[in-house]
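Chain and residue survey
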Amino acid sequence: YLEQHGIDVLAIDGVAERCSKESFRQRIKQYSPDLLIAESSTTSMEYDLELLSTLVNDLPDLKITLYGPHVSVLPQEALRSPAVHSVIIGEPEQTSLELAQALMTNSDLKNVDGLMFRDADGTVITNRRRELIPDLGSLPYPKRHGLPIQNYHVPGFPEPVVFMYGSRGCPFLCNFCLWPQTLFER
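Residues numbered from 1 in each chain as written. Predicted model: local features only at pLDDT ≥ 70, side-chain atom pairs only at ≥ 80, totals over all residues. Heavy atoms only, no water.

**Concerning the overall build of the protein**
Quick note on the threshold: Secondary structure elements follow DSSP: runs of H or I no shorter than four residues count as helices, runs of E no shorter than two count as strands, and numbering proceeds from the N terminus. Restricting the calculation to C-alpha atoms gives the radius of gyration, and the globule rule supplies 2.2 Å times the number of residues raised to the power 0.38.
A count of helical and extended segments in the protein gives 8 helices and 5 strands. Helices (α) and strands (β) of the protein occur, in sequence order from the N terminus, as α-α-β-α-α-β-α-α-β-α-β-β-α. Computed over the C-alpha atoms, the radius of gyration of the protein is 17 Å, within 12% of the 16 Å expected from 2.2 N^0.38 for a compact globule of 186 residues. Over its C-alpha atoms, taken along the principal directions, the protein stretches across nearly 50 × 35 × 35 Å.

Structure representation (structure tokens):
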């Protein structure tokens, strides 16, 4: 989505690439981004925060943003880390784009719906929740170039396997399912 809007992107699938902490750190350091957006989950949160905090010394101006179901429910947990600048609550595409554009133009982040962030004096600001994208067909196909497709495997399927979902969530509202209630408001 960011590339479609003219923003240079480096995508890293650390799990599929079996990246070591050091190789990930060196790739980010070499790329030297202004903004790093990482998906995190409940089971990886501690590991992710530890790894992302190692980047602060290498790139002191780097803005680190997390998204995913865990931080959509408990954004304060991510913002406890001094390395994390902001959290995207809900769908990440439009918020990521507006965040990147706001940082490039030094615009007020209070105008970016779906964002919780720490301002310059450390105060946590919670913006209005972003409305869901009404037409998922308006989004480009997911980025695949540069990713280790050959490493994507699912038992029982011919290799490699890459899934593409045609919708967000499902029509059911199972009370044990994290995704509908946290990211997609249904």
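Resuming the write-up.
**Quick word on the pattern of salt bridges**
Rules: Think of a salt bridge as a Lys or Arg side-chain nitrogen and an Asp or Glu carboxyl oxygen that are within 4 Å of each other. Classification of residues uses two cut-offs on accessible area relative to the type maximum, computed with a 1.4 Å probe and protein chains only: under 20% is buried, over 50% is exposed, and between them is partly exposed.
Taken as a whole and assessed by the stated rule, the structure comprises 6 salt bridges. A salt bridge links Lys-21 to Glu-50; its shortest N-O distance comes to 2.7 Å. Residue Lys-21 is located in helix α2 (residues 21-31), and its partner Glu-50 is located in helix α3 (residues 45-53); the two are separated by 29 residues in the primary sequence. Lys-21 gets classed as partly exposed once you look at its relative accessible area, which sits at 33%. In this structure Glu-50 comes out as partly exposed when scored by relative accessible area, which is 42%. For the salt bridge of Asp-113 with Arg-128, the shortest nitrogen-to-oxygen distance reads 2.5 Å. Of this pair, Asp-113 sits in the loop between α7 (93-105) and β4 (115-118) while Arg-128 sits in the loop between β5 (124-126) and α8 (178-182); the two residues are 15 residues apart in sequence, bridging distant segments of the chain. Look at Arg-128 and you get exposed, because its relative accessible area is 54%.

**Here's the deal with the sheet that holds β5**
The test is simple: At least two bridges found by DSSP between two strands is the condition for calling them paired. Under this scheme, a helix contributes an axis fitted over its contacting stretch, all axes are lines through C-alpha atoms, and angles between N-to-C directions fall in the 0 to 180 degree range. What makes two residues a contact is simply this: any of their non-hydrogen atoms within 4.5 Å.
Strand order in the open sheet made by the 5 strands is β1-β2-β3-β4-β5, with mixed pairing throughout. At either margin of the open sheet sits one strand with a lone partner, and together these are β1 (35-39) and β5. Pairwise comparison of adjacent strand axes, ignoring direction, gives a mean angle of 20 degrees for this sheet. Set on the sheet, α7 makes contact with β1, β2 (63-67), β3 (84-88) and β4; between it and β1 the angle comes to about 160 degrees.

**Re the nonpolar core**
Applied cut-off: What makes a nonpolar core is a set of buried Ala, Val, Leu, Ile, Met, Phe, Trp, Tyr and Cys residues whose side-chain atoms join them at distances within 4.5 Å.
Counting residues in hydrophobic clusters, the biggest one holds 22 residues, and the most contacted among them are Phe-24, Leu-36, Leu-52, Leu-55, Leu-66, Val-84 and Val-87. Counting residues per element, the ones that place at least two in this core are α2, β1, α3, β2, α6 (75-79) and β3. At 4 residues, α3 tops the list of elements feeding residues into this core. Residue contacts for Leu-66: discarding those within four places in its chain leaves Ala-38, Ser-40, Met-45, Leu-49, Leu-52, Val-71, Ala-78, Val-84, Ser-86, Val-87 and Ile-88. Counting 13 residues, the second-largest nonpolar core is a separate cluster that includes Leu-35, Leu-99, Ala-102 and Leu-109.

**Section: unusual backbone geometry**
That bond from Glu-159 to Pro-160 is cis: its omega, -10 degrees, falls within 30 degrees of zero. Among the structural elements, Pro-160 can be located in the loop between β5 and α8. The backbone of Arg-18 shows a phi angle near 55 degrees, a positive value even though the residue is not glycine. Take Arg-18: it is sitting in the loop between α1 (14-17) and α2. A positive phi angle, close to 55 degrees, is found at Ser-32, a residue other than glycine. Since its relative accessible area comes to 41%, Ser-32 is described here as partly exposed.

**Notes on the side chain of Asp-113**
Residue Asp-113 is classed as buried on the basis of its relative accessible area, which comes to 17%. Contact partners of Asp-113, with chain neighbours within four places excluded, come to Thr-95, Glu-98, Asn-127, Arg-128 and Arg-130.

**Observations concerning the pairing of β4**
Residues of β4 alternate between two faces, with Leu-115 and Phe-117 on one and Met-116 and Arg-118 on the opposite face, all of them buried. Here β3 pairs with β4 via 3 bridges, running antiparallel. Bridged to Val-87 within β4 is Met-116. Here β4 pairs with β5 via 3 bridges, running antiparallel. Across the sheet, Met-116 pairs through a bridge with Thr-126, a residue of β5. Between β4 and the antiparallel strand that follows it, β5, lie 5 residues; Gly-122 among them carries a positive phi value of about 95 degrees.

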